[in-house]
Amino acid sequence: YTILSKVHSDRNVYPSAGVLFVHVLEREYFKGEFPPYPKPGEISNDPITFNTNLMGYPDRPGWLRYIQRTPYSDGVLYGSPTVENVGKPTIIEITAYNRRTFETARHNLIINIMSAEDFPLPYQAEFFIRNMNVEEMLASEVLGDFLGAVKNVWQPERLNAINITSALDRGGRVPLPINDMKEGVYVMVGADVPFSSCLREVENPQNQLRCSQEMEPVITCDKKFRTQFHIDWCKISLVDNTKQVSTFQEVIRGEGILPDGGEYKPPSDTLKSRDYYSDFLITLAVPSAIALVLFLILAYIMCCRREGVEKRNMQTPDIQLVHHSAIQKSTKELRDMSKNREIAWPLSTLPVFHPVTGEIVPPLHADSYDNTSMPLMQTQQNLPHQTQIPQQQSAGQY
């Protein structure tokens, strides 16, 4: 059976080790702890959130989880108690926060974990349900329907839900908010009889091959779950605790006496003074001296060893100097031309022969000619001795 309880002030609950424990924190109960609305008769629907922690600690025990989707839904504590905590009362502090009035109410939940002789059950199977969220699966009606379907397939004498885990706690991704997608939930159940032939079908080589190719395996009993639960048969896990070999090794304890290491000699209380002058010379003075010498050598090379322009010109051939001077003059002339467009055009830019007859043509203007309004490029109308091309007559004229 699954233990279900509702919250009360300093409530004692008695779950069993190895059995799923579910505790509902109902908002309706905590509404009486907060002041009502000013208008009489108005139904209060304050947003309420819960904080749960082990008394004296900031978090809950490792086996206990908590979930609440929205401030307008109930909170749920769930988990599977462990055998180590049997006989030790676990006090959980429950703090309710009213998000409208900013008031709080605190209650204690005392969990007394009991031992069960028939638990844990030796045959355990873990199913992955893709179309469910964890809070939906924790509802008693839904969990009862799932255990009923498993019982029809397995046919055990004792069947119990051992644990429920959200797929997000197993490294799953948050689903997209489209088509009402669910995050998925893992449900582990235990029974006292071996696995049925239907559950063993997932171990067939054909189904294993289909799972490796990301195809859905063929399971005969899938129809009994498909109406309400979509089982991912490739992620089912079957554990037979009766065949597991114990790996426990007996620890050989010694006498508990450490070997004799001699008499302990603590360090002296008085410390000798230490001279740090040599350390200063090694770490600062020597690198600084080397850097200064290198700086002086570089300064001498850069400043005192320059040959100068005159010495360079004396060692340069005359023909190279002439070429260099001619390039400088041409560059200077081009720069002056770009700055002042009113000067006379150089002869190198004017035509020296007729493009048709080949006759040598003198310059178009004298040096004293005013060419401030002359375009940069001459058109064909400006050229002398231009050959006229006859114009095409319009239609209708002969």
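Residues numbered from 1 in each chain as written. Predicted model: local features only at pLDDT ≥ 70, side-chain atom pairs only at ≥ 80, totals over all residues. Heavy atoms only, no water.

1. Brief notes about the overall build of the protein chain
At step 1: Summing up its helical and strand segments, the protein chain has nine helices and twelve strands in all.
At step 2: Surface accessibility of the protein chain: about 28700 Å² in total, with carbon and sulfur atoms responsible for 56%. (Helix = DSSP H or I, 4+ residues; strand = E, 2+ residues; numbered from the N terminus. Areas by Shrake-Rupley, 256 points an atom, 1.4 Å probe, with all protein chains shown as cover.)

2. Regarding the UniProt feature "transmembrane region" (unreviewed entry) in the protein chain
At step 1: Within this numbering scheme, the UniProt entry marks residues 280–303 as carrying the feature "transmembrane region" (unreviewed entry).
At step 2: Taken end to end, residues 280–303 is 100% helix and 0% strand, and its first and last C-alpha atoms sit 33 Å apart. (UniProt positions renumbered as here; feature names shortened; annotations may be inferred.)

3. Considerations on the sheet that holds strand β4 (residues 48–54)
At step 1: Read from one edge of the open sheet, four strands run β2-β8-β7-β4, paired in mixed fashion. Single-partner strands in this sheet number two, and they are β2 (11–13) and β4. Ignoring strand direction, the axes of neighbouring strands in this sheet form an average angle of 25°.
At step 2: The sheet contact formed by β2 and strand β8 (residues 104–112) spans three bridges and is parallel. By the bridge assignment for β8, N12 is matched with I110. (Pairing = 2+ DSSP bridges. Axes fitted to C-alpha atoms, helices over the stretch in contact; angles between N-to-C directions.)

4. Let's talk about the sheet that holds strand β12 (residues 237–240)
At step 1: What the four strands build is an open sheet, ordered β10-β11-β9-β12; its pairing is antiparallel. This sheet does not close on itself; its edge strands, each paired only once, are β10 (159–166) and β12. Averaged over neighbouring strand pairs, the angle between their axes works out to 20° when direction is ignored.
At step 2: In the sheet, β10 pairs with strand β11 (residues 185–191) via seven bridges, with the strands oriented antiparallel. Directly across from T165, in β11, lies its bridge partner Y186.
At step 3: Sheet contacts for helix α3 (residues 140–154): β9 (123–129), β10 and β11; angle to β10, the most-contacted strand, approximately 125°. (Contact = heavy atoms within 4.5 Å.)

5. Quick notes on unusual backbone geometry
At step 1: A positive phi angle, close to 60°, is found at F102, a residue other than glycine.
At step 2: Among the structural elements, F102 can be located in the loop between β7 (89–98) and β8.
At step 3: On the basis of relative accessibility, which here comes to 69%, the residue F102 falls in the exposed class. (Buried < 20%, exposed > 50% of the residue type's maximum accessible area, 1.4 Å probe, protein only.)

6. Regarding the side chain of N207
At step 1: Here N207 is to be found in helix α5 (residues 205–212).
At step 2: By relative accessible area, which is 5% here, N207 ends up buried.

7. Describing the state of the cysteines
A covalent bond between the sulfur atoms of two cysteines is what we call a disulfide.
At step 1: Taken as a whole, this structure holds two disulfides when the rule is applied.
At step 2: For C198, the disulfide goes to C221, at an S-S distance of 1.5 Å. Every disulfide takes its handedness from the sign of the S-S torsion; for C198 and C221 that torsion is -80°, giving left-handed. Residue C198 is located in helix α4 (residues 197–200), and its partner C221 is located in the loop between α5 and α6 (223–226); the two are separated by 23 residues in the primary sequence. With respect to class, C198 is no different from C221; both count as buried.
At step 3: The connectivity of the disulfide bonds within the protein chain can be written as 1-3, 2-4, using the sequence rank of each bonded cysteine. (Disulfide = S-S within 2.5 Å.)

8. Considerations on the nonpolar core
At step 1: Membership of the largest hydrophobic core comes to 39 residues, with the highest contact counts inside it found for F127, M137, F146, W154, V189 and W233.
At step 2: Among the secondary structure elements, those contributing two or more residues to this core are β6 (75–79), β9, α2 (134–137), α3, β10, β11 and α4.
At step 3: Of all the elements, α3 adds the most residues to this core, at eight residues.
At step 4: Here this core spans two domains, and each of domain 1 (9–111) and domain 2 (121–238) adds at least three residues to it.
At step 5: Residues in contact with F146, not counting those within four places in the same chain, are F127, I129, M137, V187, V189, F225, F229 and I231.
At step 6: In this structure, A17, F34, I92 and L109 belong to the second largest nonpolar core, which totals 19 residues. (Core = buried A, V, L, I, M, F, W, Y, C linked by side-chain atoms within 4.5 Å. Domains from an automatic or database assignment.)

9. Overview of the pattern of salt bridges
At step 1: For the structure shown, the criterion picks out eleven salt bridges.
At step 2: E203 is the partner of R200 in a salt bridge, and the nearest nitrogen-oxygen pair spans 3.1 Å.
At step 3: Where R226 meets E216, a salt bridge forms, and the shortest distance between an N and an O atom there is 2.8 Å. Here R226, found in helix α6, pairs with E216, found in the loop between α5 and α6; they are ten residues apart in sequence, far enough to count as distant.
At step 4: The partly exposed category is assigned to E216, whose relative accessible area is 44%.
At step 5: Three or more residues joined by partner-sharing salt bridges are found here, namely R69, E135 and E183. (Salt bridge = Lys/Arg side-chain N within 4 Å of Asp/Glu carboxyl O.)

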